[in-house]
Amino acid sequence: MVGEAVGRSGGPPRDPVTRDGDELRGPLRAELVAAMQRVPELAGAELTLTALSGGITNRNFLVTVGGRPDRYVIRLAGNDTHLLGISREVEHAATVAAAGVGVGPEVTAFIRPEGYLVTRFIEGSPVSDEAVHRPETLRRVGDSLRRIHEGPPIPGLFIPFRIVEAYRALAIARGVRVPPEYELALAIARRIELACLSNPVDLRPCHNDLLNANFIDDGERIRIVDWEYAGMGDPYFDLGNFSINHELTPDEDAQLFAAYEGPARIDHLARLTLMRVVSDFREAMWGVLQQGISTLDVDFVAYAGEHFDRLLANASTARFERALREAAGD
C-alpha cells in the first residue's frame, strides 16, 4: 500500500538520511541507545545500529549487540502519522498479538514516551513480486492471514469506508484539492457498504497493509511485519487488499481463498472482490492526504490518480456487479 513503494511521509529526519546498510551515527544514535538502555535485555550492552531499507513513514534500524548473537529491530515513528489514522499503541498491541500466533516479530519492548518499538530480528528471506503469484506462496499467505484473523482481539478499529472520509476532510483542511473522482468512488463505496451490511461478518484483527515488502519467509511460514494500520476490521479487506496490491487474477484469488477458508463460500469470495475496490479507494485517498502532509519528493497526485483509475475500471465490470449481489447474499 499505502504505498511503501512510494512511501509514507514521516517528515524530515533529525540526522542525515541513512541508506540501507549504513551504520547510524550522531545525535539520533545517542538518543536511541540511551532509550534502549532502559530495556533490561539491552541495558549496559554495546549496541550498533544499521539502517534497514523498506520504511518511509517510519525509520527502522537493525540493532546488534556486542559479544552476543542477538539481533533486534528498533522502529521510529514518523512525524504526523496520526493524521493517517495510525496509533502507535495499537501497532504495539497488534504486533504482540501477531507474534503470539507465530506470524509477527517477537516484541522485546515498547519504549515510552518516545514510542520506539523494539522487536526481535526475523531470520528469513524477502518474498519477491514473482513469488507472490506462486500457488505455494498463496497457500502460505492464506495460512498466515487465517492465524491472524483467528487470533485475539486488538484495540482500535479499521473501517475503510470511514477512513476515506476522514482523509478527505484532513486533506481539505490542508488546502489539498480533492479530485473529482472522489464523488464517483464514494457512490461506488456506498453500494459496497450496503451489500456488506446486508450480510455482515464479525470484525477480526487485521493488518490492512499487505504488501510483499512487509513479508518475510522464515522457511516455515510467511511472517508479516509493520502493523501500523492494524485494527479490528473486515477480514475480507485484508484478502482484497493483498489481492489488489499484487494484482492477483481471479484464479489466484480462488487459490488464496481456498488456502484461507477452505471450500469456497460464494458470498465471501464476492466480498474479497469488492474489497479490492475499497482498498484502492483507501489507497487513492491516502495519496490525496499525503499531498498536504508529506515532505517526500513523490508525485502523490499521480499516485492517487492511478488508484482512482484502477478503482473505477474494476467497478465497471460484470464481475463487480455480480459480486455486489453475491456478497449481499442474493
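Residues numbered from 1 in each chain as written. Predicted model: local features only at pLDDT ≥ 70, side-chain atom pairs only at ≥ 80, totals over all residues. Heavy atoms only, no water.

Draft legend 1. View of the side chain of arginine 221. Note on placement: arginine 221 falls in the loop between β8 (215–217) and β9 (222–224). Separated by 3.0 Å, the side chain of arginine 221 and the backbone oxygen of glycine 102 make a polar contact. Here arginine 221 is in contact with Val101, Gly102, Val103, Arg140, Asp143, Ser144, Arg147 and Ile216, once residues within four sequence places are set aside. (Helix = DSSP H or I, 4+ residues; strand = E, 2+ residues; numbered from the N terminus. Polar contact = N/O pair within 3.5 Å; in protein donor to acceptor, adjacent residues only side chain to side chain. Contact = heavy atoms within 4.5 Å.)

Draft legend 2. Layout of the pattern of salt bridges. For the structure on display, the rule yields 26 salt bridges. Here arginine 147 makes a salt bridge to aspartate 143, at a shortest N to O gap of 3.2 Å. You can see arginine 147 and its partner aspartate 143 sitting in helix α4 (residues 135–149), four residues apart, about one turn around the helix. Residue classification places aspartate 143 among the buried residues on the basis of a relative accessible area of 17%. Several salt bridges converge on common partners, so that one network encompasses Arg75, Arg88, Glu91, Asp226 and Glu228. (Salt bridge = Lys/Arg side-chain N within 4 Å of Asp/Glu carboxyl O. Buried < 20%, exposed > 50% of the residue type's maximum accessible area, 1.4 Å probe, protein only.)

Draft legend 3. Highlighting unusual backbone geometry. The omega torsion of the bond from arginine 112 to proline 113 falls at 5°, within 30 degrees of zero and hence cis. Secondary-structure assignment places proline 113 in the loop between β4 (107–111) and β5 (116–120). If you check the backbone angles, asparagine 208 has positive phi at about 75° while not being a glycine. Among the secondary structure elements, asparagine 208 is positioned in the loop between β7 (204–206) and β8. In this structure, aspartate 226 takes a positive phi of about 65° despite not being glycine. Position of aspartate 226 relative to the elements: it lies in the loop between β9 and β10 (231–233).

Draft legend 4. Main features of the sheet that holds β4. Across the sheet, five strands lie side by side as β1-β2-β3-β5-β4; this open sheet has antiparallel pairing. One side of each edge strand has no neighbouring strand; the edge strands of this open sheet are β1 (47–52) and β4. Across the sheet, the mean angle separating the axes of adjacent strands is 25° when strand polarity is ignored. Sheet analysis places strand β3 (residues 71–76) next to β5, joined by four bridges and oriented antiparallel. Its bridge partner being in β5, arginine 75 is matched across the sheet by leucine 117. Contacting β1, β2 (59–65), β3, β4 and β5, helix α1 (residues 27–36) crosses the sheet at an angle of about 120° to β1. Packing of helix α2 (residues 88–100) onto the sheet brings it into contact with β3, β4 and β5, and relative to β4 it is tilted by some 170°. (Pairing = 2+ DSSP bridges. Axes fitted to C-alpha atoms, helices over the stretch in contact; angles between N-to-C directions.)

Draft legend 5. The arrangement of the sheet that holds strand β6 (residues 125–126) in detail. If you trace the three strands from one edge of the open sheet to the other, you get β6-β8-β9, paired in antiparallel fashion. Of all the strands in the sheet, just β6 and β9 have a single pairing partner and so form its edges. Where β6 lies against β8, two bridges are found, and the strand directions are antiparallel. Of the residues in β8, the one forming a bridge with serine 125 is aspartate 217. Packing against the sheet, α4 makes contact with β8 and β9, and its axis sits at approximately 45° to β9.

Draft legend 6. How the structure looks around the side chain of asparagine 245. Note that asparagine 245 resides in helix α7 (residues 235–245). In terms of polar contacts, asparagine 245 uses its side chain to reach the backbone carbonyl oxygen of leucine 210, at 3.3 Å.

Draft legend 7. Representation of the packing of aromatic side chains in the model. For the structure on display, the rule yields seven aromatic pairs. Taking 5.2 Å as the distance between ring centres and 50° as the angle between the ring planes, the aromatic pair formed by phenylalanine 158 and phenylalanine 237 counts as tilted. On the criterion of sequence distance, the pair formed by phenylalanine 158 in the loop between α4 and α5 (160–173) and phenylalanine 237 in helix α7 is long-range, its members being 79 residues apart. One exposure class covers both phenylalanine 158 and phenylalanine 237, and it is buried. For the ring pair tyrosine 236 and tyrosine 260, a centre distance of 6.3 Å and an interplane angle of 80° mean the geometry is edge-to-face. Of this pair, tyrosine 236 sits in helix α7 while tyrosine 260 sits in helix α8 (residues 250–261), and the two are 24 residues apart along the sequence. The burial state of tyrosine 236 is the same as that of tyrosine 260; both residues are buried. Members of the aromatic cluster, each reached through a chain of ring pairs, are Tyr182, Phe281 and Phe308. Arginine 282 extends its terminal NZ or CZ atom over the ring of tyrosine 229, reaching a point 5.7 Å from the ring centre. (Phe/Tyr/Trp six-rings, centres within 6.5 Å; stacked < 30°, edge-to-face > 60°. Lys NZ or Arg CZ within 6 Å of the ring centre and 35° of its normal.)

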